[in-house]
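A structural walkthrough
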Amino acid sequence: MAGFVVWFTGLSGTGKSTLAAMLSAELRARGVHVEVLDGDEVRTHLSRGLGFSREDRDTNVRRIGFVAKLLARAGSCAITAAISPYRQTRDEQRAQIPGFVEIHCDCALDALAERDPKGLYKKALAGEITHFTGVDDPYERPEHPELVVHTDREAPEASLARILVTLEDLGHIPRRQDAPRTTPPPVARTMPPPTERSAPPTERSIPPGVARTSPSAAPPAAPPASPRSAPPGAPRSAPPGAPRSSPPGTSRSTSPPAARRTTPPSGMPLAAPPSTSRSSFPPAARRTTPPSGIPVSAPLPSRLRHDVLLPPHGGELTPCYVDPRSRESLAARAETLPIVDLDACAEHDLHLLATGAYAPLRGFMTSRDYLRVVRDLRLERGLPWALPITLATTEEAAAPLRVGVEAALRARDGRLVALLDVTDIYRPDKDLEARALFGTTDPEHPGVAALHQSGPVYLGGAVHAFDRPVPPDFPAREHTPAETRAHFADRGFRHVTGYLTRDPLDRAHEYLTKAAMELCDDLLLHALVDAPSPDDFPAPVRMRCHEALLAHYYPQSRVLLSVYPAPLRAAGARDLLHHALVLKNHGCSHVLIAPDHPALTTPPSDARPSESRPGEARPGEARPGEARPGEARPEARAIDEARAVFQRFAPAELGIVPLFVEPAFHSTALGTIATAKTSPGDASTRLHLTPVEVRAMLQRGQLPPPEILRPEVARLLADATVVRLPRSTPPERDPQRDP
């Protein structure tokens, strides 16, 4: 199949980037090699220095068109998402590019003003801003686009369905039933349990906005209509299903289905990020680490291809650790630059950015990405993203900084660890961020408290890390995305389930993870090492429990234990989606989600300090884990929220498949582990202990029963527990004998 170009055009805010991201995900799922040329990214890299005069705008569009033409000539699909306001320049690209498909994203001006978080349209309409495209600068609507999508009247999923039908009608992509599959087959989201077996950015202030909810389901695409040709001069924005005629100078593929391209995209070389750790992988998968502790950047094995593993989010890993040969020169340059201090959260974020775990991000978010993520759970380029990855600092540290300069990033131990290209300086509305992430502005909520303790100024820009900001807790168990992908590829694995845990796995969670392993090739067990509660077992104890359980009860060749070095942010379902995308970057195709997932058991948005003892309820409240009359149980509400977040996006956008599972327990009616779906009997036949109850038993000197916890794990926990003997009751005082 010949290459082609999908050219999105429309005013700022009409949804071009969102639709471009959705379309690219769907086309990759159909085996088409896709590259996206986003307008903002092109201005940052390809057209840096150009202004916004007509001449500069035309130059920018011509550069985009030239690159898109080269991609199409090589057999790829190039998707462009730029305003491209002038009709003559767009038609010039149409005449030069075979397979040119113009899609006009149309939206009423008042709707754009309402959805604009920065209020720029309202300022332009009020005359406070001049030379604003669509208000006092012209935007020339296409006369004969292949398709018009009305983004103020239809859901993004509906627009995507119409775009796909148009591309099918034009012969650029095969019909869905003929499309080759390069992503894992769909899996039921609730698993059946098996039987148990062993404008250039400037400094600005952000006005408040209102969160927006995207529709969760796409209507079915309209069936194609009978072929017909549009009369001369007729608009080509016909209803879905009608083939579009091409103007002179354009072409469309007429090759038969057998000749169409079905080859999946080739693998991309990925740089191996640094670590001071010693790898626990076999020698073939280890990285090469020089004495400096920073490994030499090298491509992954050639067999690591995207037709074997799910591609990273955005298509490629984006590690930000510099080549070791540049380390000394960057460290010396950092000594001469203004310094920005990192807090604990920023240290972890910097490391995950630098290893590529946060792909497609290459640095801390600018205000455009930040606002879009807070409001819509999407990056500005349209890709799904759950949490703002920001660098907060003080007014004093931000004072000497300007857009376009560099700053040195300093870890809490005083080491300079990275350079930041400052491309944005902004002051966020933290109440807006708190409501969007945590559902509350209550300062007692741990996420809200941490947010307000951070600095009032955010810095955005790409990072260049030359040293690790946080030493590894468990060097042999910390693996980067490049390493885990090499590990899975070496073994020929394609379907991998990821699971996040903080506490040692009990029998119920062992059962759930093994159920997931029945569906997939391997299990990636991501272990949190933070301890939000002082009662939590120390991280070394928990890690020894994980290792003992895997050594005795799991096949060693099909499970990988790895540390997840960053703590969760008490953001509930957003935390869950965020970690799912991190797992995707590590090579996972599925994520296992139980009701007591660590992201879903953080304090709720209406949390208040409780004076009652664990397991007791305050007057008028339900016991922990129970519901008030007429309400759903807390874990059921958390799972519903998690489902809703995943359902905001088309499956191809996320790529990774969520596996929502029922709570498991030991059934006394069956004598084995089961769920409510597979076990007879009522609640009295279901034996389960929470981690808090397990700790309480151990503190009383009792071992949890083997139906709940494997003996090897129970003994390790008992050895690490201080037994609390019951206090003896003093004898009553006799006033006659003890005056």
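Residues numbered from 1 in each chain as written. Predicted model: local features only at pLDDT ≥ 70, side-chain atom pairs only at ≥ 80, totals over all residues. Heavy atoms only, no water.

1. So, the packing of aromatic side chains
- If you walk through the whole model with that rule in mind, you get seven aromatic pairs.
- When the ring of Tyr370 is compared with that of Tyr458, the centres are 5.6 Å apart and the planes differ by 90°; the resulting orientation is edge-to-face. With Tyr370 in helix H10 (residues 367-376) and Tyr458 in strand E13 (residues 457-465), this pair connects stretches of sequence that are 88 residues apart. One exposure class covers both Tyr370 and Tyr458, and it is buried.
- Aromatic pair Tyr426 and Tyr458: ring centres 5.6 Å apart, planes at 85°, arrangement edge-to-face. Taken as a pair, Tyr426 in strand E12 (residues 424-427) and Tyr458 in strand E13 lie far apart in primary sequence, 32 residues in all. (Phe/Tyr/Trp six-rings, centres within 6.5 Å; stacked < 30°, edge-to-face > 60°. Helix = DSSP H or I, 4+ residues; strand = E, 2+ residues; numbered from the N terminus. Buried < 20%, exposed > 50% of the residue type's maximum accessible area, 1.4 Å probe, protein only.)

2. So, the nonpolar core
- Tyr358, Phe364, Met365, Trp385, Leu391 and Leu409 are the most contacted members of the largest nonpolar core, which has 85 residues in total.
- Sorting elements by how many residues they give to this core places helix H17 (residues 573-585) first, with seven residues.
- Counting contributing residues, this core receives three or more from each of domain 2 (326-465) and domain 3 (474-603 + 635-725).
- Residues contacting Trp385, with those up to four places away along its chain left out, are His313, Tyr358, Ala359, Pro360, Leu361, Met365, Val373, Leu377, Arg378, Leu379, His578 and Leu581. (Core = buried A, V, L, I, M, F, W, Y, C linked by side-chain atoms within 4.5 Å. Domains from an automatic or database assignment. Contact = heavy atoms within 4.5 Å.)

3. Some details on the sheet that holds strand E21 (residues 686-687)
- Read from one edge to the other, the open sheet built from three strands follows the order E20-E19-E21, with strand pairing classed as antiparallel. Strand pairing shows two members of the sheet lacking a second neighbour, strand E20 (672-675) and E21, which therefore form its edges.
- Here strand E19 (residues 664-667) runs beside E20; their pairing, made up of four bridges, is antiparallel. Residue His666 lies in a different strand from E20, and its bridge partner there is Ile673. (Pairing = 2+ DSSP bridges.)

4. Remarks on the sheet that holds strand E1 (residues 4-9)
- What the five strands build is an open sheet, ordered E2-E3-E1-E4-E5; its pairing is parallel. Edge positions in the open sheet fall to strand E2 (34-38) and strand E5 (147-150), since each of these has one partner strand only. Adjacent strand axes in the sheet meet at a mean angle of 20°, parallel and antiparallel pairs treated alike.
- Here five bridges tie E1 to strand E4 (residues 100-106), and the two strands are oriented parallel to one another. Counted as the bridge partner of Thr9 is His104 from E4.
- Helix H1 (residues 16-29) contacts E1, E2, strand E3 (77-81), E4 and E5 of the sheet and is inclined by roughly 165° relative to E3.
- Packing of helix H4 (residues 87-96) onto the sheet brings it into contact with E1 and E4, and relative to E4 it is tilted by some 150°. (Axes fitted to C-alpha atoms, helices over the stretch in contact; angles between N-to-C directions.)

5. Re the side chain of Ser159
- For Ser159, the location among the structural elements is in helix H7 (residues 156-169).
- What makes Ser159 buried here is its relative accessible area of 1%.
- Not counting chain neighbours up to four residues away, the residues in contact with Ser159 comprise Leu19, Val149 and Glu154.

6. Focus on the UniProt feature "active site" (unreviewed entry) in the protein
- Within the UniProt annotation, "active site" (unreviewed entry) is assigned to Ser84.
- On the basis of relative accessible area, Ser84 is assigned to the buried category, the value being 4%.
- Ignoring sequence-local partners within four residues, the contact set of Ser84 consists of Trp7, Phe8, Thr9, Val61, Arg90 and Tyr139.
- At a separation of 3.2 Å, a polar atom in the side chain of Ser84 contacts the side chain of Trp7. (UniProt positions renumbered as here; feature names shortened; annotations may be inferred. Polar contact = N/O pair within 3.5 Å; in protein donor to acceptor, adjacent residues only side chain to side chain.)

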